[in-house]
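If you want the building blocks of each chain, they are given just below.
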Amino acid sequence: MELKKKTSASPAVLHQGEFWFTELHAPGTGITFRVRRVLHWARTPFQELALVETEDMGRALFLDGTVQFTERDEFFYHEMLVHVPLCIHPRPRRVLIVGGGDGGCVREALRHPEVEEVTLVEIDGEVVDACRKHIPSVSSKLDDPRVRVLIEDGVAFLKRNRGTFDVIIVDSTDPVGMASPLTQAPFFRTAREALTPQGLYVAQSQGPIFDGREIGRIARAARKVFRHARHFMAPTPTYPGGLWTYLLAARGPKDPAGLRPRPLPRGERTRYYSAEVHRAAFVLPPFVRDFLP
Ligand code: SAM
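First things first, this report covers the structure right here in the doc. Predicted model, so just to flag it, every value in this text is computed and none were measured.

Scoring rules and cut-offs
- Residues numbered from 1 in each chain as written.
- Predicted model: local features only at pLDDT ≥ 70, side-chain atom pairs only at ≥ 80, totals over all residues.
- Heavy atoms only, no water.
- Buried < 20%, exposed > 50% of the residue type's maximum accessible area, 1.4 Å probe, protein only.
- Helix = DSSP H or I, 4+ residues; strand = E, 2+ residues; numbered from the N terminus.
- Pairing = 2+ DSSP bridges.
- Right-handed = clockwise from strand over helix to strand, strands pointing away.
- Contact = heavy atoms within 4.5 Å.
- Polar contact = N/O pair within 3.5 Å; in protein donor to acceptor, adjacent residues only side chain to side chain.
- Phe/Tyr/Trp six-rings, centres within 6.5 Å; stacked < 30°, edge-to-face > 60°.
- Salt bridge = Lys/Arg side-chain N within 4 Å of Asp/Glu carboxyl O.
- Near = heavy atom within 4 Å.
- Areas by Shrake-Rupley, 256 points an atom, 1.4 Å probe, with all protein chains shown as cover.
- 1 Å grid on protein atoms, 1.4 Å probe; cavity = no way out; pocket = protein on both sides within 12 Å on 5 of 7 lines; lining within 4 Å.
- Sits in = over half its atoms within 2 Å of the grid points.
- Nonpolar A, V, L, I, M, F, W, Y, C, P; charged D, E, K, R; others polar.
- Domains from an automatic or database assignment.

## Considerations on the pairing of strand β8 (residues 117–122)
- With five of its six residues buried, β8 lies for the most part within the structure.
- Where strand β7 (residues 94–99) lies against β8, five bridges are found, and the strand directions are parallel. Each residue of the ladder has a partner; that of Leu96, found in β8, is Thr119.
- As a crossover connection, the stretch from β7 through helix α2 (residues 104–109) into β8 is right-handed.
- Direction of pairing for β8 relative to strand β9 (residues 147–151): parallel, over a ladder of five bridges.

Below is the structure:
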């Protein structure tokens, strides 16, 4: 494979004969990975998709030049995005995942025996196919009988599903382009209507080091719709700034941040999530609280 700049957007460079994939988080700051092997590289109808074998972080998925996950540290993100709401909800039977075509959130959701059905709505089928083929450590559960994979826009899908889901997880790319509607009040309204009475909504809501104002914008939009829209945090080593926030909202009257998490299913071992980490994650440092309304 001829390893050199493929498009103006692609941050792949040859450096002293080695191939490095770099994501810039700010004009002079970023993260870079030495690439051993390119597994899949394509421009889909939605984005530039790169799946590579890195020197140190295992296999990694990049979309439009931004890290989606690496095998080495994806557990921080997928465990927190999924187990926080699923351990709070009294009986999470029907789970919807918008985005998440890599399968990481599906894998974590299926660890809960209460979960009877996971619907994954991913707009780009090439992401699902490429991750199924090249990253089974993340995508392995996509073929579980409890999982339904739909290739379509999550916004359109939700409009057709009122009062259906106990937990809605939005695992989308950054809030630009096709993911932009997913962090705005009209979508939050549609999502609230798609929840069951005790339903919970959770989504990644950007990082406080480089995107603090975005966290505040998303929070203001959510608070227009949900009575309780709270935030929790967790480290995400390969995301911009290494620290990430998550939005958790409830359709019902109870503040989800105050609900005591049920223990993880017996025998299920996580690597980052625990009941103690869960409770501590809602303690926001002052510089993050300052971004919130
Ligand atoms: N963990 C990653 C992060 O936080 O950036 C997200 C990983 S997942 C691969 C993101 C997925 O969201 C992409 O595959 C993208 O195609 C999908 N996506 C973006 N907008 C969407 C929409 N409106 N409906 C469904 N899927 C969408």
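Following the structure, the description resumes.
## Re the side chain of Gln68
- Residue position: Gln68 is located in strand β6 (residues 66–70).
- Not counting residues within four places of it along the chain, the set of residues in contact with Gln68 comprises Leu61, Phe62, Leu63, Thr173 and Tyr239.

## Focus on the environment of Asp143
- Residue placement: Asp143 occurs in the loop between α4 (136–139) and β9.
- Under the relative-accessibility criterion, Asp143 is labelled exposed at 55%.
- Taking the C-alpha atoms as reference points, Asp143 and Leu24, 119 residues apart in sequence, are found 34 Å from one another.
- A distance of 2.8 Å separates the side chain of Asp143 from the side chain of Arg132, its partner in a polar contact.

## Points about the packing of aromatic side chains
- Inspection of every chain in the model, using the stated rule, returns 17 aromatic pairs.
- Ring centres of Tyr77 and Tyr246 lie 5.8 Å apart, and the angle between their planes is 50°; this geometry places the pair in the tilted category. Taken together, the positions of Tyr77 in helix α1 (residues 74–88) and Tyr246 in strand β13 (residues 243–250) put the pair 169 residues apart, joining distant regions of the chain. Comparing Tyr77 with Tyr246, the two get one shared label, buried.

## Quick word on the pattern of salt bridges
- According to the stated counting rule, one finds 20 salt bridges in the structure shown.
- Linking Glu193 and Arg251 is a salt bridge whose minimum nitrogen-to-oxygen distance equals 3.5 Å. A residue pair is termed long-range when its members are at least 10 positions apart, and Glu193 in helix α6 (residues 185–194) and Arg251 in the loop between β13 and α8 (275–281) qualify at 58 residues.
- On the basis of relative accessibility, which here comes to 31%, the residue Arg251 falls in the partly exposed class.
- The partner of Glu214 in a salt bridge is Arg217, with the nearest N and O atoms 2.7 Å apart. With a gap of three residues between them, Glu214 and Arg217 both fall in helix α7 (residues 212–223), about one helical turn apart.
- What makes Arg217 partly exposed here is its relative accessible area of 28%.
- Each of Glu74, Arg107, Glu108, Arg111 and Glu268 takes part in salt bridges that share partners, so that together they form one network.

## A closer look at the site of the ligand
- As a matter of local geometry, the ligand sits amid 23 residues, with Gln47, Tyr77, Glu122, Gly154 and Tyr239 nearest to it.
- Note that an oxygen atom of the ligand is positioned 3.0 Å from one of the side-chain N or O atoms of Gln47.
- Between the ligand and Tyr239, the relevant distance is 2.9 Å, taken from a nitrogen atom to a side-chain nitrogen or oxygen of the residue.
- Within the complex, the protein chains bury 99% of what would otherwise be the 600 Å² of accessible surface of the ligand.
- With respect to the detected pockets, the ligand is housed in the largest pocket.
- Counting residues per element, the ones that place at least two in the shell around the ligand are β5 (59–63) and β8.
- Counted by class, the shell around the ligand contains nine nonpolar, eight polar and six charged residues.
- Here the shell around the ligand gathers at least three residues from each of two domains, domain 1 (2–70) and domain 2 (74–289).

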